[in-house]
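A look at the structure
What follows is each chain in one-letter form.
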Amino acid sequence: MMGGGNPELQELSQQLQELEEQQEELEGEIEDLRDEKGDISEAIETIGALETGSTVQVPLGGGAHVRAEVQDLDEIVVELGGGYAAERDEENAVQTLENKQDTLDERISDLEDEVNQVEEESAELEQKAQQLQQQQMQQQMQQMQGQQNDEDE
C-alpha cells in the first residue's frame, strides 16, 4: 500500500504495523479469557451434576488422572486468584466461580473497547496515508506535465 521514499508514509506504515500487532495481541488475550470463561462454565456445570458418592477422574498433572469417589460436596476447593484457593461448599463454590466469570466479562469488555480504539486509530492512519499517496501522485503528475511542457517548447 505504501512505498516510495516519503518518510511520512514510511512512518505511517510503521505505526499501522504496530497497531495491527497490538490488535492481534488484544484479540489473543480476549480469546484466552473466553477459553477460561468456558472452563469455568464447565466447572459450574460439573459441580451441579455431582452427588456424594459420584465417581470422578481427578487430574494429577502431566496428563495423569485417578478415579476417586466424591465424599463431600461441602469441600470444594476453588482457586481465588493470586495463587490462593479456598474450600467452599457447593453453593459458595458456584457463586465464587460465577463471580470470576463476571470479572472475566468485564475484562473482555474492556479489551474489546481497546480493540475498537485501535481499529479507529488504524482507519484514521490509513486514510491519512491514502491522502499522502494521492498528493504524492498529483505532484509527480504535475512534474511530468511540467517536464513535457518544457520539452515541447
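The text that follows walks through the structure, step by step, so that each part is easy to find. As the structure is a computational prediction, the values presented were derived from the model and not from experiment.

Take the nonpolar core next. Counting 23 residues, the largest nonpolar core has Ile47 and Leu97 as its most contacted members. Of all the secondary structure elements, the ones that give two or more residues to this core are helix H1 (7–49), strand S3 (76–81) and helix H2 (90–152). For this core, the leading source of residues is H2, giving 11 residues. When residues no more than four places from it in sequence are discounted, the contact partners of isoleucine 47 are Ile76, Glu90, Ala93, Val94 and Leu97.

Before going further, it helps to spend a moment on the side chain of glutamine 23. Its location among the elements puts glutamine 23 in helix H1. The buried category is assigned to glutamine 23, whose relative accessible area is 16%.

Relative to the helices and strands, glutamine 143 resides in helix H2. Spatially, the C-alpha atom of glutamine 143 lies 79 Å from that of valine 56, the residues being 87 residues apart in sequence.

Glancing now at the pattern of salt bridges. All chains considered together, the criterion is met by three salt bridges. Taking the shortest distance from any N to any O, the salt bridge between glutamate 112 and arginine 34 comes out at 2.4 Å. Taken as a pair, glutamate 112 in helix H2 and arginine 34 in helix H1 lie far apart in primary sequence, 78 residues in all. You can call glutamate 112 partly exposed: its relative accessible area is 31%. Ionic pairing is found between lysine 37 and aspartate 105, a salt bridge with its closest N-O pair at 2.5 Å. Taken together, the residues lysine 37 in helix H1 and aspartate 105 in helix H2 connect sequence positions 68 residues apart. Here aspartate 105 falls in the partly exposed class, since its relative accessible area comes to 31%.

Rules and cut-offs
Residues numbered from 1 in each chain as written. Predicted model: local features only at pLDDT ≥ 70, side-chain atom pairs only at ≥ 80, totals over all residues. Heavy atoms only, no water. Core = buried A, V, L, I, M, F, W, Y, C linked by side-chain atoms within 4.5 Å. Buried < 20%, exposed > 50% of the residue type's maximum accessible area, 1.4 Å probe, protein only. Helix = DSSP H or I, 4+ residues; strand = E, 2+ residues; numbered from the N terminus. Contact = heavy atoms within 4.5 Å. Salt bridge = Lys/Arg side-chain N within 4 Å of Asp/Glu carboxyl O.

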